[in-house]
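Descriptive analysis of the structure
Take a look at the letters that make up each chain.
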Amino acid sequence: GSEINRLSASSGTGQWVSVSPDLFAILVVSKSISKKTFGHFDCTVGPYVQLWRRALRRHYFPDEATLRSLGRRVGYRHVRISDRNQAIKLRRKGMRLDLGGIGKGYAADEALKALRTFGIGAALVDAGGDLTIGEAPPGQSGWKIAIPSYSETDTTETSLSLAQVGIATSGATYRYLEHEGKRYSHIVSPKTGVGLLHHVRTTVI
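Scope of this entry: the structure provided in the associated data block. Predicted, not measured: the structure shown is a model, and the values here were computed from it.

A short note on the packing of aromatic side chains
Following the criterion strictly, the structure yields one aromatic pair and no others. Each ring, one from Trp52 and one from Phe61, has its centre 5.7 Å from the other, and the planes form 80°; the classification is edge-to-face. A relative accessible area of 1% places Trp52 in the buried class.

Some points on the pairing of strand E2 (residues 79-82)
Across four bridges, E2 lies against strand E3 (residues 87-90) in antiparallel orientation. If you follow Val79 over to E3, its bridge partner there is Leu90. Remark: four residues form the turn of the hairpin made by E2 and E3, two consecutive strands paired antiparallel; Gln86 in that turn has positive phi of roughly 50°.

Quick look at the sheet that holds strand E4 (residues 124-127)
In space, the four strands of this open sheet follow the order E4-E5-E8-E11, with antiparallel pairing throughout. The open sheet has two edge strands, E4 and strand E11 (202-204), and neither has a second partner. The mean angle between the axes of side-by-side strands here comes to 15°, regardless of whether they run parallel or antiparallel. Taken together, the four bridges between E4 and strand E5 (residues 130-133) define a ladder with antiparallel strand orientation. Bridging from a neighbouring strand, Asp126 pairs with Leu131 of E5. Strands E4 and E5 of the sheet are contacted by helix H5 (residues 103-117), whose axis makes an angle of about 30° with E5.

Reading guide: rules and limits
- Residues numbered from 1 in each chain as written.
- Predicted model: local features only at pLDDT ≥ 70, side-chain atom pairs only at ≥ 80, totals over all residues.
- Heavy atoms only, no water.
- Phe/Tyr/Trp six-rings, centres within 6.5 Å; stacked < 30°, edge-to-face > 60°.
- Buried < 20%, exposed > 50% of the residue type's maximum accessible area, 1.4 Å probe, protein only.
- Pairing = 2+ DSSP bridges.
- Helix = DSSP H or I, 4+ residues; strand = E, 2+ residues; numbered from the N terminus.
- Axes fitted to C-alpha atoms, helices over the stretch in contact; angles between N-to-C directions.
- Contact = heavy atoms within 4.5 Å.

Fair warning: the whole summary comes from geometry, so function is off the table for now.
Rendered as structure tokens:
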């Protein structure tokens, strides 16, 4: 019943759907990032993500025919944006938006803005591991953030002092699928519909 699911349900109908300012803003940003990354980030990856979540739960590897079929529903170029009407059209039937790679950061940014309206500048918002960091605590240079090492065999942590930034760490440490001796991440490539095979934990500030 969410707004994003209702928009996804309109895909392939040829309809322009008026959306809220928040959803419009994040889809504009998402499409811009998709262009800049040549589709390696793609908010239309929903059909693949839905399939992969099911595969992780049931411990099976998706077949080629299914991946090819779903691939026809994925592609940021099929998202049309009307600035004049603040409306979105999804051109391909069966498209499904997924903002998992950008939504939490956007929401945390908005939460920090809300806190600032109450005069609270020194704050840290934790959206499930995606951190949005405001001004430093009083008398401190920043918030102390511990980042785990980038390999599974190394348990050391790096400590950073940060303010006025966003930071997120991702990897396949806890959620993955093993198939024929290979470990596939829960992070799905929009190009192939398959979980990534490289498993370096990555932190972006």
